[in-house]
Amino acid sequence: MKQEISFLNSIESEEGRMVELATRWSEINTHTFHLSGIEKMSLLVSREFATLGAEAKSIPLNSSASVNDKGSIESFPLAPALSFRMRPLLEKQALLVCHMDTVFSKDDSFQKVERPNAEILKGPGVTDAKGGIVILFKALQAFEESPLAKKIGWEVLLNTDEEIGSPGSLPLLLERAKRNQIGFVFEPALSDGNLVGTRKGSGNFTLVTRGRAAHAGRDHVLGRNAIDAMAACITAIRNLNYKKPGLTINFGVVRGGAQVNVVPDLAVTQFNVRVRKPEDIKYVLNRTNHTIHLIERKHEVKIAIHGAFSAPPKLLEGKSLAIHQHVLETAKELGLSVNLKESGGVCDGNRLNAEGLPTVDSMGAVGERIHSHEECLKVQSLVERAKLTALCLAKWASGAWDKKN
């Protein structure tokens, strides 16, 4: 095996180029709904991936739906995903996934990449997940130089809606989970360099409460206060926090009312739920629906709930546990001190793993403060993680991992 992995040496000389790509791509605003920005990014990424000789496709996504301030459902278009596929007829197939979208809007002040010192890049999405795309690309570029490359096929999916839960790309993810045997997602590693093992499941929900408007002085008794009912609902649902181990509920958005002398007839609130076990999903939904029913009767209002669990909990067992252990062993061979840690965050790895594809989903860059104006990337991790990915592919292609299962 040692002679067959000399191709890894080529990655060592690529750090400068990797920094250049991460910088250029991060300075293109690719907020989920900034379609022209994602289109520009897609063109540049496609040019790089064209050098690999893979079959390339741009795949349209269905629109994303959300509830607006008036309690109505609005649809928002999504940019197409990119797909690259190599040697699809071979028996062994690996899936590599990352996302092009970021959380920073096109009007956000955080748009430029800085390099405060040789070790750090600071910029919007530089770690989550432009650096991950760079790592993915450079790992495949090196792997294709290996004789082992001819033993497996691979495909890359770069989606454009991961930051909002991958509503449009979910069918693509599930389809690819069925036709591959191993998966790698290039979400950021943890800030200490460790990989994510188990992940909580996540669901986003919106409650729309409709009451009856009335004059707050003359006809107060005739009104049905939507905000009062919503407040009661919030209090009851948030009391589910920690009723199950790891269960958390966070209300993050509340809107309602227009002026203080009017009994408000509309209130909208959005909340997120995280669960550690799949069976806790049913528990939360049952208790939430029961609460809504009680509040509707007591306050004489109507409450509609929108949303779902878009990411099931990611568990480590069977083949999923085995692949994580293989990656840890491979990291040690490269001199990397890497362990597994639980994360409350979710990603496309939750979805792939739940569909039966054993997936390691934190193969991306090491950095800190993602989703903030202090987001930064540790430059050294670009080379380290590209080598780790390329070596993992080589070991799987060689059959070394099969013998240990």
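To keep things clear, this report deals only with the structure shown in the data block. (Residues numbered from 1 in each chain as written. Predicted model: local features only at pLDDT ≥ 70, side-chain atom pairs only at ≥ 80, totals over all residues. Heavy atoms only, no water.)

**Points about helix α7 (residues 279–299)**
Spacing of three or four residues puts side chains on the same side of an α-helix, whose turn is 3.6 residues.
In step 1: Here α7 spans 31 Å end to end across 21 residues, near enough to the 30 Å set by a 1.5 Å rise per residue.
In step 2: All buried positions along α7 are accounted for by D280, I281, V284, T288, T291, I292 and I295. An end-on view of α7 places all buried positions within 105 degrees of arc, on one side of the element. Counted as exposed and oriented over 90 degrees from the buried face of α7: E279, K282 and R297.
In step 3: Tucked into the core, α7 has its buried residues touching β11 (201–210), α6 (226–238), β15 (266–275) and β16 (302–311).
In step 4: In the segment just after α7, E300 is the residue with positive phi, at about 55 degrees. (Helix = DSSP H or I, 4+ residues; strand = E, 2+ residues; numbered from the N terminus. Expected span 1.5 Å × (residues − 1). Buried < 20%, exposed > 50% of the residue type's maximum accessible area, 1.4 Å probe, protein only. Arc of directions from axis to C-beta. Contact = heavy atoms within 4.5 Å.)

**Digging into the environment of R87**
In step 1: Structurally, R87 is set in the loop between β4 (81–86) and β5 (93–99).
In step 2: Taking the C-alpha atoms as reference, R87 lies 7.1 Å from I152; in sequence the two are 65 residues apart.
In step 3: Within the local environment of R87, its side chain forms a polar contact with the backbone oxygen of I152, the two atoms lying 2.8 Å apart. (Polar contact = N/O pair within 3.5 Å; in protein donor to acceptor, adjacent residues only side chain to side chain.)

**Considerations on unusual backbone geometry**
Note: most residues except glycine have negative phi, and most peptide bonds are trans.
In step 1: Geometrically, the link from D128 to A129 is a cis peptide bond, its omega value of 5 degrees lying close to zero.
In step 2: Within the secondary structure, A129 sits in helix α4 (residues 126–143).
In step 3: With phi around 55 degrees, S166 is a residue other than glycine that occupies positive phi space.
In step 4: Relative to the elements of secondary structure, S166 occurs in the loop between β8 (153–159) and α5 (170–179).
In step 5: Its identity is not glycine, yet Y242 carries a phi of approximately 65 degrees, on the positive side.

What is shown is where atoms sit, not what they do.
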